[in-house]
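Below are the chains, spelled out letter by letter.
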Amino acid sequence: MSMNESYSRLVYDKDTPSTREGASWFKENIVAMLLLILLLGVIVILSFFSNRPKEELAIIERVKEEKTHIAERLFSSLSLEAKAYMVYDMSTGDIVYAQNKNAQLPLASLSKIMTAVVVSENLLEDDVVTINPRDLLIEGDNGLLEGESWTVKSLSDFTLTVSSNDGASALASAVEAWRSVGGKDIRFVDLMNNKAKELYLKQTYFLNTSGLDIEESTQSGSYGSIEDITKLFAYALKNHPTLFQTTTDEEINFISKDNITHIVQNTNQSIRDIVGIFASKTGYTDLAGGNLVIAFDAGLMQPYIISVLGSSKEGRFTDVQKLYETTRRFLEAQNEPREVASSQ
């Protein structure tokens, strides 16, 4: 055998020990190599998406600053009676504009938003509630009758539409009776306060289910900030979308389980003036003044909440109307053509 033939066999013979060892190492480590390649690919992809161009971030920041500037220009000049108010974009979670957003103020019947939420999270819509004599002792008479039976859904709708204190009491009593099975007494107002803590409503607490003043000139039945009540309303609309469906009707007929018809008027006088309104709740006591919160669609999938606290009985409606019209102008202003700076 020649020297060249010997060299060729040494280099190319697949049966040589060194070649077999290399093939064995490759087979044993191919999985690790593939995992390493995959890991490097993931790192490259994550790096690509995490390092957004500075120009894009700058554009986003400029848009936010422009919206803030437009809102300040339009809303700051408004003359309102309310002590606190807020315009809130439900789709983004952004506060468009607010005044005294953390001031703790009496809520009056806006408390019934929480009442309805707690009821809906403890009872079924078809459960039956019977009006007892104790419920009818509370201030205010909306025509409920002792011994009359209602479904939870119908009585909740009735309560929110006419702001019925009797209805709120009856619903709360039904929850207490259901939750107190086993000898442990449950206070409905404690469930309301627990829910407020769960939702991080830091300025909010409840002393009764209706929001009625406890001491006419010194103590309200509930307190909260304009930011808290707006967040609560947004939570209710997102998690219980049918809860306020009758609160945008000017007049509605309710029929109890006993076939008794109740024809009632909505406490919100501004319904017809708000295009796209899909939820509302009023509140008024001597101590709280006039409160009102509404939700409306400004366009396709553009829900906004407007809320006011500490206005007057009539002023709450004009305040909300002004905020509504200004919100419309705010949205229009964002769509107006902008002057483009010359590059020359």
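Scroll up for the structure.
Attention in this report is confined to the structure presented alongside it. (Residues numbered from 1 in each chain as written. Predicted model: local features only at pLDDT ≥ 70, side-chain atom pairs only at ≥ 80, totals over all residues. Heavy atoms only, no water.)

## Some remarks on helix α7 (residues 188-198)
- Along α7, the residues classified as buried are Phe188, Val189, Leu191, Met192, Asn193, Lys195 and Ala196.
- In the core, the buried residues of α7 are packed alongside α4 (111-120), α6 (165-179), β6 (205-206) and α8 (226-239).
- Immediately beyond the C-terminal end of α7, within one or two residues, lies tyrosine 200, with a positive phi of roughly 60°. (Buried < 20%, exposed > 50% of the residue type's maximum accessible area, 1.4 Å probe, protein only. Helix = DSSP H or I, 4+ residues; strand = E, 2+ residues; numbered from the N terminus. Contact = heavy atoms within 4.5 Å.)

## What to know about the sheet that holds strand β10 (residues 277-285)
- The strand order β2-β1-β12-β11-β10 describes an open sheet built from five strands, whose pairing is antiparallel. The outermost strands of the open sheet, each flanked by one partner alone, are β2 (94-99) and β10. Between one strand axis and the next, the sheet turns through 5° on average, direction left out of account.
- Judged from the seven bridges that link them, strand β11 (residues 289-297) and strand β12 (residues 303-311) form a sheet pairing that is antiparallel. Residue pairing in the sheet places glycine 290 in a bridge with serine 311 of β12.
- Contacts between α8 and the sheet are confined to β1 (84-89), β2, β10, β11 and β12, with β12 contributing the most and set at about 140° to the helix. (Pairing = 2+ DSSP bridges. Axes fitted to C-alpha atoms, helices over the stretch in contact; angles between N-to-C directions.)

## Quick notes on the nonpolar core
- Judged by nonpolar contacts, the single largest core of 54 residues is most densely connected at Ile113, Leu155, Phe233, Phe244 and Ile305.
- Top contributing element to this core by residue count: α8, with eight residues.
- If near-sequence neighbours (up to four positions away) are discounted, isoleucine 113 is found in contact with Ile229, Leu232, Phe233, Ala236, Phe244, Lys281 and Val293.
- The next biggest cluster of nonpolar side chains, apart from the first, holds 27 residues, and it includes Ala82, Tyr85, Ala298 and Phe317. (Core = buried A, V, L, I, M, F, W, Y, C linked by side-chain atoms within 4.5 Å.)

## What to know about the packing of α4 against α8
- One can describe the packing of α4 onto α8 by two numbers: an axis separation of 10 Å at closest approach and a directional angle of 35°. Where α4 crosses over α8, the two elements pack in a sense that is left-handed. Within the contact between the two elements, α4 uses Ile113, Met114 and Val117 and α8 uses Ile229, Leu232, Phe233, Tyr235 and Ala236.
- Residue classes in the contact of α4 with α8 are distributed as eight nonpolar, no polar and no charged. (Left-handed = near helix turned anticlockwise from the far one by under 90°. Nonpolar A, V, L, I, M, F, W, Y, C, P; charged D, E, K, R; others polar.)

## Describing the packing of aromatic side chains
- One pass over the structure, following the stated rule, counts ten aromatic pairs.
- Relative to tyrosine 97, the ring of tyrosine 85 lies with its centre 6.4 Å away and its plane at 25°, an arrangement referred to as stacked. One end of the pair, tyrosine 85, is in strand β1; the other, tyrosine 97, is in strand β2, and twelve residues separate them in sequence. Accessibility classification places tyrosine 85 together with tyrosine 97 in one group, the buried group. (Phe/Tyr/Trp six-rings, centres within 6.5 Å; stacked < 30°, edge-to-face > 60°.)

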